[in-house]
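Structure at a glance
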Amino acid sequence: MKNSLFIKNEKFITDYCMISRVIPLEIIKENPSLATVYARIILKSLKNIQGIKAYHDFIHENYGASFIYRNYLMGDFDYLGICFECNSKKYLPQNFDAFLHLVDEAKIAFMEEPIFDEELINRNKEELIEYIKKSSKVPYKICYKNVYSQLDPEHRINFELIGTIKQVEEVNKDSLIDFHHKISKYPISFIYQGNNEFHQFELLKDIFKDDFELPVYKDVPIGKNGYIYGEQDFDNPHSYLIMLYSIDFEYSLRKNYILRLLNETIGGSNSILFDEIREKRGLCYSINSLNLSSEKIIEITTQISKNNVSKTIKAIDEILSNYDKYCDESYFEIAKMDLISQLIEVEDSAISTFNNNVSILYKRGRIYNFKECIEAIESIQYEDVLDLAKTLCKQSTYVVKGK
């Protein structure tokens, strides 16, 4: 599996590119805040522009494009780099090539000695510290952190990329330059999506090379130690409840969509929990679910009254323990239609298609194929979802009790 990928797509007028350093997670873990500050300022430092919005406005006004530094945490590696989009050259004024200009900017950011402005560093550190302080007061985030850490504290899902206030405070100009030098020895991956009419992909290969294999992504299920319950009181008007259920699941394209159908029927837009917990029993304000295939987990999240905590937990567990009683084929058919609609929305959006391909390439070693996905969904029967539901097992619950 090579480090580069050309996705031919003539449906859209945009060129997309992601250029990333493939960095072992151990390097990032030395000080996660260092990587976060670096990602926030490396591009702004090229023009010495102080604000995130100001930089985005500058790129848009001068290149008609977006140009952002971002992280993809995938397994044991961090894909740290630049993602940009711009109109294809054929749609731009004569002699203007936004893609070429942005590749030149990326080359500077990746390969030349960085110049970090002290004021820029300090301002971004202050913003990050303020964000960490605010996050510590958000009941949902507290609930999310604890429901996973109490079940499997060593699992990579608990890794916090932003880091701590102390780690942010340790960041300075010298440590950022040292970090730049350290990560510069790691290889670069790049993905291009467009029609390649002006040989953009060949340009990327010439500059960033093509001489290594992408690391293989590995599923790491969350450990099971028996059911765990945790709670805490919090000075906030809202209460949150998160419950984790494990599933017996091994990834394949078809099984992935069985899992997604199961998740849609449990906590999608037209779901059992919405109808039973919110509408019929009035126990919550909102409720939804999320499937994590790599961790073999379905996560159920709801915002509730403090007085309804025990009733809600008991009701959710009773419903999922008797899934076949509450789910019928109408939920299944609606979930199918919803999933297909979601895929159509992706197919009709250039940025959604690109983001899907980036994630799936790094995570699964394949690219998104609309036709194959539709065929996989259409092949799934109601009984397939019922069989997977039988493997659901309650693992972890955490409650943040507001006033």
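Numbers given to residues run from 1 along each chain, matching the order in which its sequence is written. Totals for whole chains, interfaces and linings use all residues, but because this is a predicted model, local features are given only for residues with pLDDT of at least 70 and pairs of side-chain atoms are given and counted only at 80 or more. To get the side-chain values, take all heavy atoms of the structure and skip hydrogens and water.

**Brief notes about the overall build of the protein chain**
Numbering goes from the N terminus for both helices and strands, where a helix is a DSSP run of H or I of at least four residues and a strand is a run of E of at least two. Scanning the protein chain for helices and strands turns up 18 helices and ten strands. Two things to know: the radius of gyration comes from C-alpha atoms, and the globule rule equals 2.2 Å times the number of residues to the power 0.38. For a compact globule of 403 residues, the expected C-alpha radius of gyration is about 22 Å, and the protein chain comes in at 23 Å, within 12% of that figure. Once the C-alpha set of the protein chain is aligned to its principal axes, its extents read approximately 65 × 50 × 35 Å. Relative accessibility under 20% of the residue-type maximum defines a buried residue, over 50% an exposed one, and the middle range a partly exposed one, all with a 1.4 Å probe and only protein chains included. Residue burial in the protein chain is summarised as follows: out of 403 residues, 52% are buried. Within the protein chain, residue pairs in contact and separated by at least 24 positions form 82% of the contacts whose partners lie at least 6 positions apart. Per-residue and other accessible areas were derived by the Shrake-Rupley procedure at a 1.4 Å probe size, with only the shown protein chains allowed to occlude residues. For the protein chain, the exposed area adds up to about 18,800 Å²; of that, 49% sits on carbon and sulfur atoms. In summary, the charge assignment counts Lys and Arg as positive and Asp and Glu as negative, without counting His or the chain termini. Where a charge lies is defined by one atom per residue type: Lys uses NZ, Arg uses CZ, Asp uses CG and Glu uses CD. Taking the 49 positively charged and 61 negatively charged side chains of the protein chain as two groups, their mean positions are separated by 3 Å. Two residues qualify as a contact provided that any one of their heavy atoms is within 4.5 Å of a heavy atom in the partner residue.

**Points about the side chain of Thr14**
Mapping Thr14 onto the fold places it in strand β2 (residues 14-24). Contact partners of Thr14, with chain neighbours within four places excluded, come to Cys86, Asn87, Ser88, Gln193, Gly194 and Ala350.

**Brief notes about the pattern of salt bridges**
Salt bridges are identified by distance alone: a Lys or Arg side-chain nitrogen within 4 Å of an Asp or Glu carboxyl oxygen. In the structure shown here, the tally under the stated rule is 18 salt bridges. With a shortest N-O distance of 3.0 Å, Glu276 and Lys280 are connected by a salt bridge. Of this pair, Glu276 and Lys280 both sit in helix α12 (residues 272-280), separated by four residues, roughly a single helical turn. On the accessibility criterion, Lys280 (61% relative accessible area) is exposed.

**Points about the pairing of strand β8 (residues 284-292)**
Regular strands show a simple pattern: their side chains alternate between the two faces of the sheet. As defined by bridge partners, β8 adjoins strand β9 (residues 297-304) across eight bridges and the pair is classed as antiparallel. Pairing of Leu292 across the sheet is with Ile297, part of β9. At least two DSSP bridges between two strands are required for those strands to pair. Turn length for the β8-β9 hairpin, with the two strands adjacent in sequence and antiparallel, is four residues, and the turn residue Lys296 shows positive phi of about 55°.

**Looking at the sheet that holds strand β4 (residues 77-87)**
Taken in spatial order, the five strands make up an open sheet running β1-β5-β2-β4-β3, and their pairing is mixed. Looking at which strands have only one partner, the edges of the open sheet turn out to be β1 (4-8) and β3 (65-74). Taking each pair of neighbouring strands and ignoring which way they run, the sheet shows an average axis angle of 15°. By the bridge criterion, eleven bridges tie β2 to β4 in an arrangement that is antiparallel. Structural elements are reduced to axes, namely lines fitted to C-alpha atoms, with helices fitted over the stretch in contact, and the angle between N-to-C directions of any two is expressed from 0 to 180 degrees.

**Things to note about the packing of helix α15 (residues 329-347) against helix α17 (residues 370-378)**
Two elements in contact, α15 and α17, have axes separated by 11 Å at closest approach and are oriented at 180°. Compared by their axis directions, α15 and α17 come out roughly antiparallel. For the pair α15 and α17, the contacting residues are Lys336, Leu339, Ile340, Leu343, Ile344 and Glu347 in the first and Phe370, Cys373, Ile374, Ile377 and Glu378 in the second. Residue classes in the contact of α15 with α17 are distributed as eight nonpolar, no polar and three charged. Comment on the angle field: the value is read as roughly parallel under 35 degrees, roughly antiparallel over 145, roughly perpendicular from 65 to 115, and oblique elsewhere. Each residue is assigned to one class: nonpolar for Ala, Val, Leu, Ile, Met, Phe, Trp, Tyr, Cys and Pro, charged for Asp, Glu, Lys and Arg, and polar for all the others, Gly among them.

**Brief notes about the nonpolar core**
In this description, a nonpolar core means a group of buried Ala, Val, Leu, Ile, Met, Phe, Trp, Tyr and Cys residues linked to one another through side-chain atoms lying within 4.5 Å. Ranked by size, the top nonpolar core spans 54 residues in total, and within it Ile19 and Phe208 carry the most contacts. In terms of residues, this core owes the most to one element, helix α5 (residues 98-111), which gives seven residues. One finds Leu261, Ile272, Ile304 and Val346 within the second-largest nonpolar core, a separate group that totals 49 residues.

**Structural notes on the sheet that holds β9**
The mixed open sheet is built from five strands, whose spatial order is β6-β10-β7-β9-β8. Since the sheet does not close on itself, it has two edges, and those belong to β6 (228-233) and β8, each with one partner. When the angles between neighbouring strand axes are averaged without regard to direction, this sheet yields 10°. Sheet topology places β6 next to strand β10 (residues 393-401); six bridges connect them, and they run parallel. Bridged to Tyr229 within β10 is Thr397.

**Considering the state of the cysteines**
Two cysteine sulfur atoms make up a disulfide if the distance between them is within 2.5 Å. Taken as a whole and assessed by the stated rule, the structure comprises zero disulfides. Between Cys17, a free cysteine, and Cys83, which holds the nearest cysteine sulfur, the sulfur-to-sulfur gap is 7.9 Å. Free of any disulfide, Cys143 has its nearest cysteine sulfur in Cys284, 14 Å distant.

**Quick word on the environment of Val103**
With respect to the secondary-structure elements, Val103 resides in helix α5. We classify Val103 as buried; its relative accessible area is 0%. Distance in space between the C-alpha atoms of Val103 and Cys17 is 9.2 Å, their sequence separation being 86 residues.

**Digging into the packing of helix α11 (residues 253-267) against α17**
It is the contact of α11 with α17, at a shortest axis distance of 9 Å, that shows an interaxial angle of 60°. By the angle between their axes, α11 is oblique relative to α17. When you trace α11 past α17, the crossing you get is right-handed. Taking contact as the criterion, the partners of Leu253, Arg254 and Tyr257 in α11 are, on α17, Glu372, Cys373, Ala376 and Ile377. Of the residues in the contact of α11 with α17, the class split is five nonpolar, no polar and two charged. Less than a right angle of anticlockwise turn of the near helix away from the far helix marks a crossing as left-handed, whereas a clockwise turn marks it as right-handed.

**Things to note about α15**
With 19 residues, α15 extends 27 Å between its outermost C-alpha atoms, agreeing within 8% with the 27 Å of an ideal straight helix rising 1.5 Å per residue. For α15, the full list of buried residues reads Tyr331, Phe332, Ala335, Lys336, Asp338, Leu339, Leu343 and Val346. Relative to the axis of α15, the buried residues are bounded by an arc of 165° and lie together on one face. For α15, the exposed residues lying more than 90 degrees away from the buried face are Met337 and Glu345. In this analysis, the expected span of each helix is defined as 1.5 Å times one less than the number of residues it contains. For this quantity, the arc is that covered by the directions from the helix axis to the C-beta atoms.

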